[in-house]
Amino acid sequence: MKLVRPKKNLGQHFLTDLSIAQRIADTVDACPDLPVLEVGPGMGVLTQYLMKKPRPLKVVEIDKESVAFLKEHLIPQTSPLSPQIIEGDFLRMDLRTLFDGGQFVLTGNYPYDISSQIFFKMIDNRDLIPCCTGMIQREVAQRLASEPGTKAYGVLSVLIQAWYDVEYLFTVDETVFNPPPKVKSAVIRMTRNKVQKLGCDEQLFRRVVKTVFNQRRKMLRVSLRQLVPQESSLYKEYADLLTKRPEQLNIQQFVDLTNLIENILCTNTAI
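Residues numbered from 1 in each chain as written. Predicted model: local features only at pLDDT ≥ 70, side-chain atom pairs only at ≥ 80, totals over all residues. Heavy atoms only, no water.

Novice: Talk me through the sheet that holds strand β3 (residues 57-61); I want residue IDs and the actual numbers.
Specialist: In spatial order, the strands read β4-β3-β2-β5-β6-β9-β7; together these seven strands make up an open sheet with mixed pairing. What marks the edges here is a single partner per strand, and that holds for β4 (84-87) and β7 (164-172). Each strand of the sheet is rotated relative to its neighbour by a mean of 20 degrees, with strand direction disregarded. Here β7 pairs with strand β9 (residues 185-192) via eight bridges, running antiparallel. Bridge pairing in β9 places Val172 opposite Ser185. Against the sheet, helix α1 (residues 18-26) touches β5 (105-108), β6 (131-137), β7 and β9, its axis set at about 170 degrees to β7. Where helix α5 (residues 138-145) meets the sheet, it contacts β6, β7 and β9, and its direction lies at approximately 135 degrees from that of β6. (Pairing = 2+ DSSP bridges. Helix = DSSP H or I, 4+ residues; strand = E, 2+ residues; numbered from the N terminus. Axes fitted to C-alpha atoms, helices over the stretch in contact; angles between N-to-C directions. Contact = heavy atoms within 4.5 Å.)

Written out as structure tokens, the structure is:
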């Protein structure tokens, strides 16, 4: 059997430990009644365990060699539960076309270099994805799960936790991959919280969060000058708040800050 050659340009690190693959597959059981979409199945080490679950399964793979391998070696095994293999780029897909516009669980052994982009797409399609699980770089997993006031707390923490509850499930050693990555990995699960609307302009919210964390060592009154002129009343009326650094703010405080900035920007535009 000819195995797929890991490709550096696709960030491929194939999991070789079957027990870990089984544990990752079982993370989707938190949402037991939904179909599953696996991103980047590679040679199907995770897919083979997802196939054993009595629910629809689709996999999306951008690597032609991996697609050919899956079609030759995976599908014939159990035809009733065989996954639909989609050759393409997950980041360019219209997710509403996958399961007739219905909800699904997102999972996978995600490529390190695009994991953040995958999760931003998840946010944009949060009405379709009530649960997301999988394996990513440990450092990114720590950011996702971190709380205000910690070193790892940042853009991903705020933007993901605004919509999802994040669980850091377990760490995975680099020795169980081919080729071994230079860092450890971690398995996470993100489950939609009850928030339907943030209570602020969501595009401005993202802009505010990204702006202040781009200068995370500086106080808000310094980094926000990119958005609000220095002569604005914001800096006088909310001086105490603006002496904080971004990692000190929780999500509600970021929402409140966004509303303050929006009011000022609207006032200035009206004038």
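Novice: Any chance you could break down the packing of aromatic side chains for me, citing the residues and the numbers?
Specialist: Following the criterion strictly, the structure yields four aromatic pairs and no others. Centre to centre, the rings of Tyr110 and Phe119 are 5.6 Å apart; their planes meet at 80 degrees, and the pair counts as edge-to-face. Both rings, one in Phe213 and one in Phe254, keep their centres 5.9 Å apart while their planes meet at 35 degrees; by these two values the pair is tilted. Of this pair, Phe213 sits in helix α7 (residues 202-213) while Phe254 sits in helix α11 (residues 251-270); the two residues are 41 residues apart in sequence, bridging distant segments of the chain. Three or more aromatic residues link up through ring pairs in this structure, and these residues are Tyr153, Phe213 and Phe254. Against the face of Phe90 rests Lys121, its NZ or CZ located 5.9 Å from the ring centre. (Phe/Tyr/Trp six-rings, centres within 6.5 Å; stacked < 30°, edge-to-face > 60°. Lys NZ or Arg CZ within 6 Å of the ring centre and 35° of its normal.)

Novice: Can you explain α1? Please cite residues and give values.
Specialist: For α1, every residue scored as buried is listed here: Ile20, Ala21, Ile24 and Ala25. Looking straight down α1, one finds that the buried residues subtend no more than 140 degrees of arc, so they occupy a single side. Among the structural elements, β1 (14-15), α2 (47-50), β5, β6, β7 and β9 are those in contact with the buried residues of α1. (Buried < 20%, exposed > 50% of the residue type's maximum accessible area, 1.4 Å probe, protein only. Arc of directions from axis to C-beta.)

Novice: Could you give an account of the side chain of Arg126, with specific residues and numbers?
Specialist: Topologically, Arg126 is positioned in the loop between α4 (115-124) and β6. Excluding residues within four positions of it along the chain, Arg126 makes contact with Trp163, Tyr164, Arg192 and Glu202.

Novice: If you had to explain the environment of Cys31 to someone new, which residues and values would you point to?
Specialist: Locating Cys31 in the fold gives a position in the loop between α1 and β2 (36-39). As a C-alpha pair, Cys31 and Phe104 span 73 residues in sequence and 8.7 Å in three-dimensional space.

Novice: Hey, could you go over the nonpolar core for me, with residue numbers and the actual values?
Specialist: One finds Leu106, Phe119, Phe205 and Leu224 to be the most contacted residues of the largest nonpolar core, which totals 57 residues. Contacts of Phe119, omitting those with residues within four sequence positions, involve Tyr110, Cys132, Ile136, Leu144, Ile160, Ile188 and Met190. (Core = buried A, V, L, I, M, F, W, Y, C linked by side-chain atoms within 4.5 Å.)

Novice: Pulling in residues and values, what's your account of unusual backbone geometry?
Specialist: Phi at Asp100 is positive, roughly 55 degrees, even though this residue is not glycine. Structurally, the position occupied by Asp100 is in the loop between β4 and β5. Asp100 gets classed as exposed once you look at its relative accessible area, which sits at 82%.

Novice: A description of the pattern of salt bridges should follow, citing residues and the corresponding values.
Specialist: Applying the stated criterion to the full structure yields 12 salt bridges. Taking the shortest distance from any N to any O, the salt bridge between Arg55 and Asp29 comes out at 3.9 Å. Here Arg55 is found in the loop between α2 and β3, whereas its partner Asp29 is found in the loop between α1 and β2, with 26 residues between them in sequence. Look at the salt bridges and you will find they share partners, linking Asp26, Asp29, Lys53 and Arg55 into a network. (Salt bridge = Lys/Arg side-chain N within 4 Å of Asp/Glu carboxyl O.)

Novice: Can you tell me about α5, naming the residues and giving the values?
Specialist: Among the residues of α5, those classed as buried are Val140, Ala141 and Leu144. Projection of α5 onto a plane perpendicular to its axis shows the buried side chains occupying an angular sector of 100 degrees, all on one side. Considering only its buried residues, α5 is in contact with α4, β6, α6 (155-161), β7 and β9.

Novice: Which residues make up the environment of Arg92, and what values go with them?
Specialist: For Arg92, the location among the structural elements is in the loop between β4 and β5. For the pair Arg92 and Lys121, spaced 29 residues apart in sequence, the C-alpha separation works out to 9.5 Å.

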